[in-house]
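Fold and geometry: a report
Spelled out, the chains give:
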Amino acid sequence: MPTLARVGTFLVCAMGLFTMVGALAGGGAGGPAATTTVATKHAPSKGQKKKAKPTRSPRELTELLRQDCGSCHGLTMKGGLGPALLPDRMARYGKASLVAIMRNGVAHTAMPAWRDELSVAEAEFLAERLIAGLPEPEFREAEATVAPLGLRGTGDLGCIIERASGTVVIVETTTNSILGEVTGLGDLSHASIVFSRDQRYAYVFGRDGGLTKIDLLGRRIVRRVIQGGNSIGGAISQDGKWVAVSNYEPGGVRIFDSDTLDLVADVPATGGSKTVGLVEAPDHRFVWSLFDSDEIWVARFRGPGDLTIHKFTEIGAKPYDAMITPDGRHYVAGLFGEDGMALIDLWDLESGVRRVVDEQGRGDEKLPVYKMPHLEGWAMTNAHSYLPAVGRNRVLCLDGTGFKVFDRVDVHGRPVFVVAAPDGRRLWVNFAYPDNGVVQVIDTQSRRVVKRLEPGPGVMHMEFTPKGERIWISVRDANKVEIYDAYAMTKVGELPVTKPSGIFFTHRAGQLGK
């Protein structure tokens, strides 16, 4: 398969592609090009009515910039998978150019047109804020040691990320309660967590390159290291000995001893590519994708000095995220630069990369993508798989062995997570901006939406309790986590959490890819 031309740095929010616009037009990364970049206007799809948007306050617009755009560019605007949006660079573009990019998008790139969501006045305000610069967020410092929880099991514990304060909240699912918090974790705007085999320790991967080991029972930081400039997540090995971190900057993967957090291996990426979709796999392996160089690497790591890598190249344009099937056999990477996905059979590496789900976009006009769906949110039941369609208001239904689409379910907006109940009966779906105040529930037998819920603005993540009787939903902009009876689909509890995002329960310790 030929390697496709690069279409720019992956961005999913209003302020994206400023760096790459200049480069695409011949100006390089330092500022705008001498030639003019023509942006295309987005027209609503057939049947899609253009909604009149109410004028938002300066505070609401600043929150949009920091929280929604920050999911890609970082809470500090110092960059993530998208480039940094810092004042010196923004000033070189000027307000008029920034407004045009926000409102019209950039043709043949991931930058969508926001004219249906942002008025000219709102875009001008955001451009001015970018040129002036946002104040640094106030992350909480590490606090004095608190009393440990004492002797108790860990199977009903979990963590909730407070993305704007650098805090992890420790919770218990038996009583739906908060047990404590750990502060001093830095930028958690796109943080994720994995757990030790005994479920006592949580490893937190921060946007600022921080890797932090937390003692859940002690409610304290065991050790924290800044291992890179910008990271996107990680994985813990099947035997629990090694923790691997996926980096945007400087790219590549770094592997640490899970006890001490000492660095034991540094694996640079091709050309410093951003790495995404890092998972652990059976037989001492880690697997990840390289966004900028269109590759997938399968690494076998048995310990320091014992590393082998199988590299797959030209796997498709811009792999942006990936997942591993629960049995550990198949690794599937989503492609942002083209329709379809790249699949590798980890039982038979010599069979190479197979393209699947190529037909997901056929016959459709792709809608603007304001936030990329997460493949870690694939719902997999015994017979079928369900995944969010990129740039479409639908969930795709795949057969369990051939990864062929056999049905599609139309939903409220562009889905981000599609999460299956442990019994496989229902799917819970949340959505990207501007539809992120809604959750829909799909029945897997009829493949119809059977419930619509409105937990509040900015639904970020959903997590089932170990046996699936309840589901917890983080509602970022309402500063709360709501708890629902998964069968009655009714609210049974609520916890106050500041700017919550990811929810991670300790039973993930026994699951691959979690």
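In this report, the structure presented in the accompanying data block is examined. Remember, predicted model here, so these are calculated numbers, not experimental data.

1. A closer look at the overall build of the protein
Within the protein one finds five helices and 32 strands. For the protein, the proportion of its 514 residues judged to be buried stands at 61%. The contacts of the protein with a sequence gap of at least 6 include a subset with a gap of at least 24, amounting to 50%. Carbon together with sulfur atoms contributes 49% to the accessible area of the protein, which is approximately 19600 Å² in total.

2. Quick word on the nonpolar core
Ranked by internal contacts, the top residues of the largest apolar core, which has 20 residues, are L65, M102, L118, L126 and L130. Secondary structure elements with two or more residues in this core: helix 2 (58–73), helix 3 (87–93), helix 4 (95–104) and helix 5 (120–132). Among the elements that make up this core, the one with the highest residue count is helix 5 (five residues).

3. Describing the environment of I193
Tracing the chain through its elements places I193 in strand 4 (residues 192–195). In this structure, the C-alpha to C-alpha distance between I193 and R508, residues 315 residues apart in sequence, is 9.6 Å. With residues near it in sequence (within four places) discarded, I193 still touches C159, I161, V168, A202, Y203, V204, F205, F504 and K514.

4. Re the packing of helix 4 against helix 5
Two quantities define a packed helix pair, namely the angle between the helix axes and the distance between the axes. It is at 9 Å that the axes of helix 4 and helix 5 come closest, and there the two elements cross at 125°. Comparing their axes, helix 5 and helix 4 come out oblique. Here the hand of the crossing between helix 4 and helix 5 comes out right-handed. Contacts from K95, L98, V99, M102 and R103 in helix 4 reach V120, A123, E124, L126, A127, E128, L130 and I131 in helix 5. Taken together, the residues of the contact of helix 4 with helix 5 sort by class into nine nonpolar, no polar and four charged.

5. Describing the side chain of T173
Here T173 is to be found in the loop between strand 2 (167–172) and strand 3 (177–182). Judged by relative accessible area, T173 falls into the buried class, the value being 8%. If we ignore the near neighbours within four places in the chain, the residues touching T173 are D156, T465, P466, W472 and F505.

6. Looking at the pattern of salt bridges
Applying the stated criterion across every chain yields a total of 24 salt bridges. Here D283 and R302 are joined by a salt bridge, their closest N and O atoms 4.0 Å apart. With D283 in the loop between strand 12 (275–281) and strand 13 (285–290) and R302 in strand 14 (residues 295–303), this pair connects stretches of sequence that are 19 residues apart. When the shortest N-O distance is used, the salt bridge between E494 and K491 registers 2.5 Å. With a relative accessible area of 41%, K491 lands in the partly exposed category. Connected through salt bridges with shared partners, the residues E63, R476, D477 and K499 form a single ionic network.

7. Some details on the pairing of strand 25 (residues 426–431)
Of all six residues in strand 25, six are buried; the element is thus mostly enclosed. Alternating residues of strand 25 divide into R426, W428 and N430 and L427, V429 and F431, and every residue in both groups is buried. Judged from the four bridges that link them, strand 24 (residues 415–420) and strand 25 form a sheet pairing that is antiparallel. The residue bridging V418 from the neighbouring strand is V429, located in strand 25. In this antiparallel pair of consecutive strands, strand 24 and strand 25, the connection spans five residues, and G424 shows a positive phi of 80°. Where strand 25 and strand 26 (residues 439–443) come together, five bridges link them in antiparallel fashion. For W428, the partnering residue across the bridge sits in strand 26 and is V441.

8. Comments concerning unusual backbone geometry
Residues E249 and P250 are joined by a peptide bond in cis, for which omega reads 15°. As for its placement among the helices and strands, P250 is situated in the loop between strand 9 (242–249) and strand 10 (253–257). The amide bond that connects Y433 to the next residue, P434, takes the cis arrangement and shows omega of 10°. In this fold, P434 is placed in the loop between strand 25 and strand 26. Even without being glycine, Q199 reaches a positive phi, approximately 65°. Relative to the helices and strands, Q199 is located in the loop between strand 4 and strand 5 (201–205). By relative accessible area, which is 18% here, Q199 ends up buried. Of note in the backbone geometry, E314 takes a positive phi value of approximately 50° without being a glycine. Here E314 is to be found in the loop between strand 15 (306–312) and strand 16 (319–324).

Cut-offs applied
- Residues numbered from 1 in each chain as written.
- Predicted model: local features only at pLDDT ≥ 70, side-chain atom pairs only at ≥ 80, totals over all residues.
- Heavy atoms only, no water.
- Helix = DSSP H or I, 4+ residues; strand = E, 2+ residues; numbered from the N terminus.
- Buried < 20%, exposed > 50% of the residue type's maximum accessible area, 1.4 Å probe, protein only.
- Contact = heavy atoms within 4.5 Å.
- Areas by Shrake-Rupley, 256 points an atom, 1.4 Å probe, with all protein chains shown as cover.
- Core = buried A, V, L, I, M, F, W, Y, C linked by side-chain atoms within 4.5 Å.
- Axes fitted to C-alpha atoms, helices over the stretch in contact; angles between N-to-C directions.
- Parallel < 35°, antiparallel > 145°, perpendicular 65-115°, else oblique.
- Left-handed = near helix turned anticlockwise from the far one by under 90°.
- Nonpolar A, V, L, I, M, F, W, Y, C, P; charged D, E, K, R; others polar.
- Salt bridge = Lys/Arg side-chain N within 4 Å of Asp/Glu carboxyl O.
- Pairing = 2+ DSSP bridges.

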